[in-house]
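Coordinate inspection notes
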Amino acid sequence: MKFENTLFANLWDSKDFKVIMKTIMEDPNLIHSNHGFYAQKFTLSNDIVETNPKGMAGFVQYMSQIERNGLPHMRGPLGDSIPMERGNEAFYTGSIPDFIADAYLEKATERYDRKKRFAQMGDEYALLKEYAMQWLQPAIDQMEMALSNMAAQAISTGQVSWKFGAGVMTKLYKADIPTENFLKAGAVVWSDNTNCQILDQVRKIYNDIREHLGMEIKMQLEITRNQWLNNWLKNAQVLEVVRYYHSLNNQLLPEVIQLDTDTAMNAIRRYNFGDDLPEIVIVEESQYDKESNQTVHGWNDNIAVMRPLGKAGQILRTNILDQEIYTDYGSSLITRNYTTIKNGLMLVENSVHNNGNMKEWQSNLMMSAIPVLDKFLYHYIIDTTQTSSSTF
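Numbering of residues starts from 1 in every chain and runs along the sequence as written. Thresholds applied to this predicted model are a pLDDT of at least 70 for local features of residues and 80 or more for the giving and counting of side-chain atom pairs; totals over whole chains, interfaces and linings are not thresholded and use all residues. Note: side-chain values were computed over all heavy atoms of the structure, leaving out hydrogens and water.

**What to know about the overall build of the protein**
- Note on conventions: DSSP H or I runs of at least 4 residues are helices, E runs of at least 2 residues are strands, and numbering of each starts at the N terminus. Scanning the protein for helices and strands turns up nine helices and 18 strands.
- Rg of the C-alpha trace for the protein: 27 Å, well past the compact-globule value of 21 Å for 392 residues, more than 25% over.
- Taking the principal axes of its C-alpha atoms as reference, the protein extends roughly 85 × 70 × 40 Å.
- Here's how the labels work: a residue is buried when its accessible area is under 20% of the maximum for its type, exposed when over 50%, partly exposed in between, all with a 1.4 Å probe on protein chains only. Expressed as a percentage of the 392 residues in the protein, the buried residues total 44%.
- Only heavy atoms enter the contact rule, under which two residues are in contact if any of them lie within 4.5 Å. Within the protein, counting contacts between residues at least 6 apart in sequence, those at least 24 apart form 75% of the total.
- The Shrake-Rupley method, run with a 1.4 Å probe, gives the accessible areas here. Residue values count only the displayed protein chains as cover. Accessible area of the protein: about 21,500 Å², with a carbon and sulfur share of 49%. The size measure is the radius of gyration over C-alpha atoms, and the globule rule it meets is 2.2 Å times the number of residues to the 0.38 power.

**Thoughts on the side chain of Gln201**
- Relative to the helices and strands, Gln201 resides in helix H5 (residues 198-213).
- Among residues more than four places away in sequence, those in contact with Gln201 are Ala185, Gly186, Ala187, Val188, Trp190 and Cys196.

**Let's talk about a nonpolar patch on the surface**
- Note that patches include only residues with greater than 30% relative accessible area and no salt bridge, and the join distances are 9 Å for like charges and 5 Å for nonpolar side chains (Val, Leu, Ile, Met, Phe, Trp, Tyr). A side-chain nitrogen of Lys or Arg and a carboxyl oxygen of Asp or Glu constitute a salt bridge if their distance falls within 4 Å. On the surface, a nonpolar cluster with roughly 310 Å² of combined accessible area is contributed by Val60, Tyr62 and Phe91.
- Relative to the helices and strands, Val60 resides in strand E2 (residues 58-64).

**Section: helix H1 (residues 17-25)**
- Listed as buried for H1 are Phe17, Ile20, Met21, Ile24 and Met25. Seen from one end, H1 has its buried residues packed into an arc of 140°, which puts them on one side. Exposed and oriented more than 90 degrees from the buried face of H1 are Lys18, Val19 and Lys22.
- Tucked into the core, H1 has its buried residues touching helix H4 (124-157), strand E15 (335-341) and strand E16 (346-355). The directions considered for the arc are those from the helix axis to the C-beta atoms.

**Details of empty space enclosed by the protein**
- Buried and open spaces are told apart on a 1 Å grid over the protein atoms alone, a cavity being a set of points where a 1.4 Å probe fits but cannot get out and a pocket being an open set with protein on both sides within 12 Å along at least five of seven lines. Residues with an atom within 4 Å of a point are the lining residues. Grid points are joined across faces, edges and corners, and a volume is the space filled by probe spheres set on the points. Counted by the stated rule, this structure contains two cavities of 30 Å³ or more.
- Of the voids in this model, the second largest cavity is the one considered here, and its volume is about 40 Å³.
- Surrounding the second largest cavity, Arg307, Pro308, Lys311, Ala312, Leu373, Asp374, Lys375, Phe376 and His379 form its lining.
- For the lining of the second largest cavity, the per-class residue count stands at four nonpolar, one polar and four charged. For this classification, the nonpolar set comprises Ala, Val, Leu, Ile, Met, Phe, Trp, Tyr, Cys and Pro, the charged set comprises Asp, Glu, Lys and Arg, and every other residue, Gly included, is treated as polar.

**Overview of the packing of H1 against H4**
- To obtain each axis, a line is fitted to C-alpha atoms, and for helices this fit is confined to the stretch in contact; angles are then taken between N-to-C directions over 0 to 180 degrees. Orientation of H1 relative to H4, taken along the N-to-C sense of each, is 80°, at an axis distance of 11 Å. Classed by the angle they form, the pair H1 and H4 counts as roughly perpendicular. Residues Ile20, Met21, Ile24 and Met25 of H1 lie in contact with H4, whose contacting residues are Leu128, Tyr131, Ala132, Leu136 and Ile140. Here roughly perpendicular refers to angles of 65 to 115 degrees, roughly parallel to angles under 35, roughly antiparallel to angles over 145, and oblique to all remaining angles.

**Focus: the packing of aromatic side chains**
- A pair of aromatic rings is counted whenever rings of Phe, Tyr or Trp (Trp by its six-membered ring) have centres within 6.5 Å, and the orientation is called stacked for planes under 30 degrees apart, edge-to-face for over 60 and tilted otherwise. The full count for this structure, using the stated rule, is 18 aromatic pairs.
- The interplanar angle of 25° and the centroid separation of 5.8 Å between the aromatic rings of Trp228 and Trp232 together place this pair among those described as stacked. Of this pair, Trp228 and Trp232 both sit in helix H6 (residues 225-232), four residues apart, which is roughly one turn of that helix. Each of the two residues, Trp228 as well as Trp232, counts as buried.
- Site record: aromatic cluster; members linked through ring pairs are Phe3, Phe8, Trp12, Tyr104, Phe118, Tyr131 and Trp135.
- Only when the NZ of Lys or the CZ of Arg is both within 6 Å of the ring centre and within 35 degrees of the ring normal is a charge said to sit over the ring. Lying across the ring of Trp361, Arg111 places its NZ or CZ 4.1 Å from the centre.

**Thoughts on the packing of helix H3 (residues 108-121) against H4**
- Look at H3 against H4: their axes get within 10 Å of each other, and the N-to-C directions meet at 140°. Between H3 and H4, the interaxial angle falls into the category oblique. Taken together, the residues of H4 that come into contact with H3 (itself represented by Arg114, Arg117 and Phe118) are Glu124, Leu127, Glu130 and Gln134.

**Some remarks on the pairing of strand E14 (residues 313-318)**
- Burial analysis of E14 places five of its six residues in the buried class, the great majority of the element.
- Where strand E1 (residues 42-49) lies against E14, five bridges are found, and the strand directions are parallel. In the strand pairing of E14, Ile48 is matched with Arg317.
- DSSP-based pairing: two strands are paired if at least 2 bridges between them are found. In terms of strand pairing, E14 meets strand E17 (residues 358-373) through five bridges, oriented antiparallel. Opposite Arg317, over in E17, you have Ala369 as the bridge partner.

**Observations concerning the sheet that holds strand E9 (residues 219-224)**
- Ordered in space as E8-E18-E13-E9-E10, the five strands form an open sheet in which the pairing is mixed. The two strands at the open ends of the sheet, each matched to only one other strand, are strand E8 (182-184) and strand E10 (279-281). Geometrically, the sheet is characterised by an average inter-axis angle of 30° between neighbouring strands, direction not taken into account.
- Here E9 runs beside E10; their pairing, made up of three bridges, is parallel. Bridge assignment links Ile223 to a residue of E10, and that residue is Ile280.
- Across the sheet, H6 touches E9, E10 and strand E13 (303-308), and the angle it forms with E9 is around 85°.

Dropping the structure here:
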């Protein structure tokens, strides 16, 4: 087989590009989802947000609050009804950011070397694997880290900003979460493993929220893995509960024990949470920011979140302006091919350029998307380092 006929070489060919890229994306040995926190917590919207002529897209996110109703009215025969209040509609606005990953760039001398190596080895699959490992997988990781970082920011703070990388840095939105929804730990900070009755304090917050809303909304508590490991598995009340339920089964535990997640969860369920177990949020959206030379996270370990069961919101997206502009007005000296991946969330651009007297081959991965909260009126953010005698 000639190098020019390989699947790798045809990644820059308009006829076969989409099919070959689809083949790569569907091969579990080539592409993985390494930063899927965003997909666990948000659904991808089927709608495409329209852009303005400059390629910018804004959004408005609405939510109507269900009014707390009282008892019905007793009436005399033919008595009229009283119009029901429809509830208040809250909203917030924001913009959908444009992201681009680090590019794949292959110069003519590099391609010549690749062609010679293929002539010796003849392994077509190895070419695709090298392309996926060297560029496509890392580029997807960059985009998924961005989505997961923004998702963690949204859930744990109610707002999203971008201050990483070498491009635009700006605030993207602030959800209209009521001020009263920002709560404190309760009587004792959650990091006080000796004195904090963490199960009772969480149960009080949970019950107070339900009473405050006047509705039996099924809620879940979300905490980071570090908080679970440091403030729950080492908490004296949790240890006491575990010992108690082991004693019911005539199982004596040593004075010093190391709790595991399953043991602690089972004991908490039996104690007082029922089905309202705290869900452990494992935020793996760490990103190396080259500009600041540090690893960043979107969720502070001191923050817990109480919100309705299910997804936290949806991922809004818009079209990438590059494809429309370059398809209609791009230079005839540059060939560009486009295809979407990840259910249309990301756009791959493969292009061939002139570089002096030779060609060079490029790949770019672009995305214009952002996770947004859609149940923000019932979203409660708990600062576990601050105390208060009452929930509200």
